Amino acid sequence: MSAKKAQTTLEFPGNKLLAALGGAHEKNFARLEQVLNVRITSRGNLVAVEGTARERAAAILKSLYARLEAGENITMAEVDAELRFTEAGRAAAPGAIRTSSGRVTRPRSPAQAAYLDLMRANPLVFGIGPAGTGKTYLAAAFGAHLLQERRIERIILSRPAIEAGERLGFLPGDLNEKIDPYLRPLHDALFDVLGDKAARLRDQGVIEVAPLAFMRGRTLSRAFVILDEAQNATSAQMKMALTRLGEDSQMVITGDRTQSDLPGGRAEGLDEALAILEGVEGVGIARFSEADVVRHPLVGRIVAAYNKKSGH
């Protein structure tokens with residue numbers, strides 16, 4: 001038999017989960033065939049894989065099947081995640097975290113796995129990179145995980161509300177209603193990992209939202225703090241935020257240095273913090289690139305095209 005026709009056959013415990021493994025109209029199999037240039041056929045509880053990348057495809061199929069056995073759902077995003085991990089020499093996406101009783105979040109790229117590892121090991125972590133790389137989403141998921149494990153008592157979400165400026169006080173409604181437009185991406189991430197529980201926790205004050213300016217003078221104990229869009233923080237604001245960290249607390253600061261709304265487009269507070277704190281014990285820095293974009297594949301190409309034009 002030629003190398004081209006060499007075949008790897010996988011036998012699974014039953015064909016009930018096999019339908020979910022292939023996906024609707026076997027689109028998951030089709031994705032692997034397209035990317036790895038293999039051929040996948042299934043019969044009963046057997047799956048045969050032909051092609052030079054058959055062992056890589058088989059490793060992905062086994063990892064995805066294990067997730068199905070654990071009660072997780074498989075989408076095209078999970079297939080793409082496994083492709084990223086095996087491309088980096090790893091057979092499965094590690095580091096799953098439970099964010100509520102019925103929800104699990106997994107990293108979808110090696111860079112995301114490293115980011116989660118930094119959050120496990122350091123009280124202060126920076127997630128730096130373009131949109132779509134999962135910086136904010138994974139920070140929210142990790143905060144929800146710590147809450148689920150009862151290692152913290154609350155989650156605090158904050159962003160510099162530059163667009164509002166001095167007008168914030170003139171907007172209608174209470175504080176939450178005034179700043180909701182600026183914190184919506186954080187709400188969306190928490191709702192995604194916590195479900196309907198997110199609204200209840202917010203009503204109870206377990207999840208708190210506040211623009212960066214409202215954190216002045218506070219010491220945040222037993223809290224998980226997410227400072228999002230940190231490229232819009234001034235040097236003074238960044239130092240103020242960093243010194244809010246209290247006992248048994250953790251902070252994740254996310255931002256894209258190329259998207260600052262500060263005068264001159266410079267991410268002054270974020271750049272200064274990175275320069276000062278790199279190498280300091282207890283500080284982790286995760287850097288993402290367009291190769292780590294995990295949204296629609298077109299997003300990665302859009303980011304790369306803009307970076308090429310601007311010379312980043």
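Residues numbered from 1 in each chain as written. Predicted model: local features only at pLDDT ≥ 70, side-chain atom pairs only at ≥ 80, totals over all residues. Heavy atoms only, no water.

### Re the overall build of the protein
The condition that has to hold: Note on conventions: DSSP H or I runs of at least 4 residues are helices, E runs of at least 2 residues are strands, and numbering of each starts at the N terminus. Only protein chains enter the area calculation, which uses a 1.4 Å probe; residues under 20% of their type maximum are buried, those over 50% are exposed, and those in between are partly exposed. Contact between two residues is taken to exist if any of their heavy atoms lie within 4.5 Å; hydrogens are not considered. Values of accessible area rely on a 1.4 Å probe in the Shrake-Rupley scheme; residue burial ignores everything except the protein chains shown.
When helices and strands are counted, the protein shows eleven helices and eleven strands. Of all 312 residues assigned to the protein, the portion counted as buried reaches 48%. In the protein, the proportion of contacts linking residues at least 24 apart, taken out of those at least 6 apart, comes to 71%. Entry remark: accessible area of the protein is about 15,800 Å², with carbon and sulfur atoms responsible for 49%.

### Things to note about the sheet that holds strand β3 (residues 46-50)
Two strands in a sheet stick together by hydrogen bonds in their backbones, pointing the same way (parallel) or opposite ways (antiparallel). What counts, and what does not: At least two DSSP bridges between two strands are needed for those strands to be called paired. Axis definition: a line fitted to C-alpha atoms, over the contacting stretch in the case of helices. Angles run 0 to 180 degrees between N-to-C directions.
As summarised here, the arrangement of the three strands in space is β1-β3-β2, forming an open sheet in which the pairing is antiparallel. Of all the strands in the sheet, just β1 (7-11) and β2 (39-43) have a single pairing partner and so form its edges. Along the sheet, successive strands turn relative to each other by an average axial angle of 20 degrees, direction set aside. Two elements, β2 and β3, share five bridges in a ladder whose sense is antiparallel. Pairing of Arg43 across the sheet is with Leu46, part of β3. Where helix α3 (residues 54-69) meets the sheet, it contacts β1, β2 and β3, and its direction lies at approximately 15 degrees from that of β1.

### A few points about the pattern of salt bridges
How we decide: Within this document, salt bridges are pairs made up of a side-chain nitrogen of Lys or Arg and a carboxyl oxygen of Asp or Glu, the two lying within 4 Å of each other.
Tallied over the entire structure, the rule returns ten salt bridges. Note that Arg31 is salt-bridged to Asp80, the shortest N-O span being 2.8 Å. Here the residue Arg31 occupies a position in helix α2 (residues 27-36), and Asp80 occupies one in helix α4 (residues 76-87), the gap between them amounting to 49 residues. Note that Arg159 and Glu229 form a salt bridge whose closest N and O atoms lie 2.7 Å from each other. Note that Arg159 is positioned in strand β7 (residues 154-159) and Glu229 in the loop between β9 (223-227) and α9 (235-242), a separation of 70 residues in sequence.

### What about the confidence of the model for the protein?
Caution applies to low-pLDDT regions: their predicted coordinates should not be interpreted in detail. Let me state the cut-off plainly: Each residue gets a pLDDT score, which is the predictor's confidence in that residue and runs from 0 to 100.
Taken residue by residue, the protein gives an average pLDDT of 82. The fraction at 70 or more is 84%. Low pLDDT, under 50, characterises residues 163-167; the predicted model gives this stretch three contacts beyond four residues in sequence or across chains.

### Looking at helix α6 (residues 135-148)
Let me state the cut-off plainly: Any helix carries an expected span of 1.5 Å times its number of residues minus one.
In this model, α6 (14 residues) spans 20 Å end to end at C-alpha, consistent with the 20 Å of a helix rising 1.5 Å per residue. Of all 14 residues that make up α6, twelve are buried, and the element is covered over most of its length. With its phi angle positive at about 60 degrees, Arg150 sits one or two positions after the end of α6.

### Focus: the packing of α9 against helix α10 (residues 268-277)
Short version of the rule: Oblique is the label for any angle not under 35 degrees, not over 145, and not in the 65 to 115 range, which are roughly parallel, roughly antiparallel and roughly perpendicular in turn. Two helices that cross are described as forming a left-handed crossing if the nearer one is turned anticlockwise from the farther one by less than a right angle, and a right-handed crossing if clockwise. Each residue is assigned to one of three groups, with Ala, Val, Leu, Ile, Met, Phe, Trp, Tyr, Cys and Pro labelled nonpolar, Asp, Glu, Lys and Arg labelled charged, and all others, Gly among them, labelled polar.
Remark: α9 packs on α10, axes separated minimally by 7 Å, with the N-to-C direction vectors making an angle of 55 degrees. It follows that α9 is oblique to α10 by the angle criterion. As α9 packs across α10, the resulting crossing turns out to be right-handed. Here Ser235, Met238 and Leu242 of α9 come into contact with α10, specifically with Glu268, Gly269, Leu270, Glu272, Ala273 and Leu277. Looking at the contact of α9 with α10 residue by residue, the classes come out as five nonpolar, two polar and two charged.

### Structural notes on the packing of aromatic side chains
Each aromatic ring pair is summarised here by two numbers: the centre-to-centre distance and the angle between the ring planes. As a reminder, the rule being used: A pair of Phe, Tyr and Trp rings is counted when the ring centres sit within 6.5 Å of each other, with Trp represented by its six-membered ring. The angle between the planes then sorts it: under 30 degrees is stacked, over 60 is edge-to-face, the rest tilted.
Following the criterion strictly, the structure yields three aromatic pairs and no others. Measuring from centroid to centroid gives 4.4 Å for Phe12 and Tyr65, while their planes differ by 35 degrees, and the two rings are tilted. In this pair, Phe12 sits in the loop between β1 and α1 (16-22) while Tyr65 sits in helix α3, placing the two residues 53 residues apart along the sequence. The exposure class of Phe12 is buried, given its relative accessible area of 5%.

### Focus: the environment of Ala57
Examined against the element boundaries, Ala57 turns out to sit in helix α3. Each C-alpha atom of the pair Ala57 and Thr86 lies 8.9 Å from the other, and the pair is 29 residues apart in sequence.

### Quick look at the environment of Val206
Counting through the fold element by element, Val206 comes out in the loop between α8 (197-203) and β8 (207-211). The spacing of Val206 and Ile155 is 51 residues in sequence and 6.3 Å in space, taken between C-alpha atoms. With residues up to four places along the chain from it excluded, the contact list for Val206 reads Leu147, Glu153, Arg154, Ile155 and Leu201.

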